[in-house]
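Chain residues, written in single-letter form:
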Amino acid sequence: MSDNFKVYIDEKDLKECAAYLDKFGREMSPVIRKAIDWATGEIANHAKSSHFFVGVGKGSSKAAEENKYAFVNPDGTPRFKARTGDLRNSIQSLPSRMSEDSVYGEVRAGAGMDYAQKVEEGSPKSGAFPYMRPALEATKQPFIKYLVTNIKAFVKSKGGEA
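Residues numbered from 1 in each chain as written. Predicted model: local features only at pLDDT ≥ 70, side-chain atom pairs only at ≥ 80, totals over all residues. Heavy atoms only, no water.

### Side note on helix α2 (residues 29–50)
Okay, so step 1: Over its 22 residues, α2 runs 31 Å from end to end, which matches the ideal 32 Å to within 8%, given 1.5 Å per residue.
Okay, so step 2: Every buried residue of α2 is accounted for by Ser-29, Val-31, Ala-35, Ile-36, Ala-39, Thr-40, Gly-41, Ile-43, Ala-44, Ala-47 and Ser-50. (Helix = DSSP H or I, 4+ residues; strand = E, 2+ residues; numbered from the N terminus. Expected span 1.5 Å × (residues − 1). Buried < 20%, exposed > 50% of the residue type's maximum accessible area, 1.4 Å probe, protein only.)

What follows is the structure, encoded as structure tokens:
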């Protein structure tokens, strides 16, 4: 089975859709912010819950050797063995922000921890244990679905056809 897929978008339909939504202007901002806040929350939750192995204390090394703990994430990436849980606990989503014509969402990890980026990307001394990238990838399609559902509800509430 191929990992590739194709999406065909009719440019004329896309322009018509954009023009239709554009008439709502800044009224659409709360809808988009709600979706972005939902997505950043999902990314943070996924990163915290799916990409760390916490097995500390007496007997944890023996249990790990006996394969009682999974050191691989569902997507096949290696799971990071947490010693304290501080990095995992530092992952947080921040409320969305607006600029003049954009809405931004942010998920932070490792504030004040010099090793957070090294865990995600690896270093010359250790391999990468990605936790944010897989969380982002896992959230992309649900975010699009959530956003479309909310835009349709908004348009319908304004008397339009969704």
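Let us keep going from here.
### What about helix α6 (residues 132–157)?
Okay, so step 1: Its 26 residues place the ends of α6 35 Å apart at the C-alpha level, agreeing with the 38 Å of an ideal helix rising 1.5 Å per residue.
Okay, so step 2: In the structure, α6 departs most strongly from a straight axis at Lys-140, where the bend amounts to approximately 40 degrees and where the proline Pro-142 lies between one and four residues downstream.
Okay, so step 3: When α6 is considered as a whole, its buried residues turn out to be Met-132, Pro-134, Ala-135, Thr-139, Asn-150, Ile-151, Phe-154 and Val-155.
Okay, so step 4: Just downstream of α6 lies Gly-159, where phi reads positive at about 85 degrees. (Bend = angle between axes of the 7 residues up to and from the residue.)

### So, the nonpolar core
Okay, so step 1: Counting 12 residues, the largest nonpolar core is built from Ile-43, Ala-44, Ala-47, Leu-87, Ile-91, Val-107, Met-113, Ala-116, Val-119, Tyr-131, Met-132 and Ala-135.
Okay, so step 2: At the level of secondary structure, the elements contributing two or more residues to this core comprise α2, α5 (116–121) and α6.
Okay, so step 3: With 3 residues, the single largest contributor to this core is α2.
Okay, so step 4: Once you skip the residues sitting within four places of it in the chain, Met-113 turns out to touch Asp-86, Leu-87 and Ser-90.
Okay, so step 5: One finds Phe-24, Met-28, Ile-151 and Phe-154 within the second-largest nonpolar core, a separate group that totals 6 residues. (Core = buried A, V, L, I, M, F, W, Y, C linked by side-chain atoms within 4.5 Å. Contact = heavy atoms within 4.5 Å.)

### Quick look at the packing of α2 against α6
Okay, so step 1: The N-to-C vectors of α2 and α6 enclose an angle of 155 degrees; their axes lie 8 Å apart at closest approach. By the criterion of interaxial angle, the relationship of α2 to α6 is roughly antiparallel. Two packed elements cross with a definite hand, and for α2 against α6 that hand is right-handed.
Okay, so step 2: Of the residues belonging to the contact of α2 with α6, the class tally is 19 nonpolar, 3 polar and 2 charged. (Axes fitted to C-alpha atoms, helices over the stretch in contact; angles between N-to-C directions. Parallel < 35°, antiparallel > 145°, perpendicular 65-115°, else oblique. Left-handed = near helix turned anticlockwise from the far one by under 90°. Nonpolar A, V, L, I, M, F, W, Y, C, P; charged D, E, K, R; others polar.)

### Description of the environment of Ala-111
Okay, so step 1: Assignment of secondary structure puts Ala-111 in the loop between β4 (103–108) and α5.
Okay, so step 2: Take Ala-111: its relative accessible area is 60%, and that puts it in the exposed class.

### What about the side chain of Ser-96?
Okay, so step 1: One can find Ser-96 in strand β3 (residues 92–98).
Okay, so step 2: According to the relative accessible area criterion, Ser-96 is buried, its value standing at 4%.

### Digging into the pattern of salt bridges
Okay, so step 1: In this structure the tally under the stated criterion is 5 salt bridges.
Okay, so step 2: One salt bridge connects Glu-27 with Lys-158, and the closest N-O pair in it is separated by 2.7 Å. With Glu-27 in the loop between α1 (11–22) and α2 and Lys-158 in the segment after α6, this pair connects stretches of sequence that are 131 residues apart.
Okay, so step 3: According to the relative accessible area criterion, Lys-158 is partly exposed, its value standing at 43%. (Salt bridge = Lys/Arg side-chain N within 4 Å of Asp/Glu carboxyl O.)

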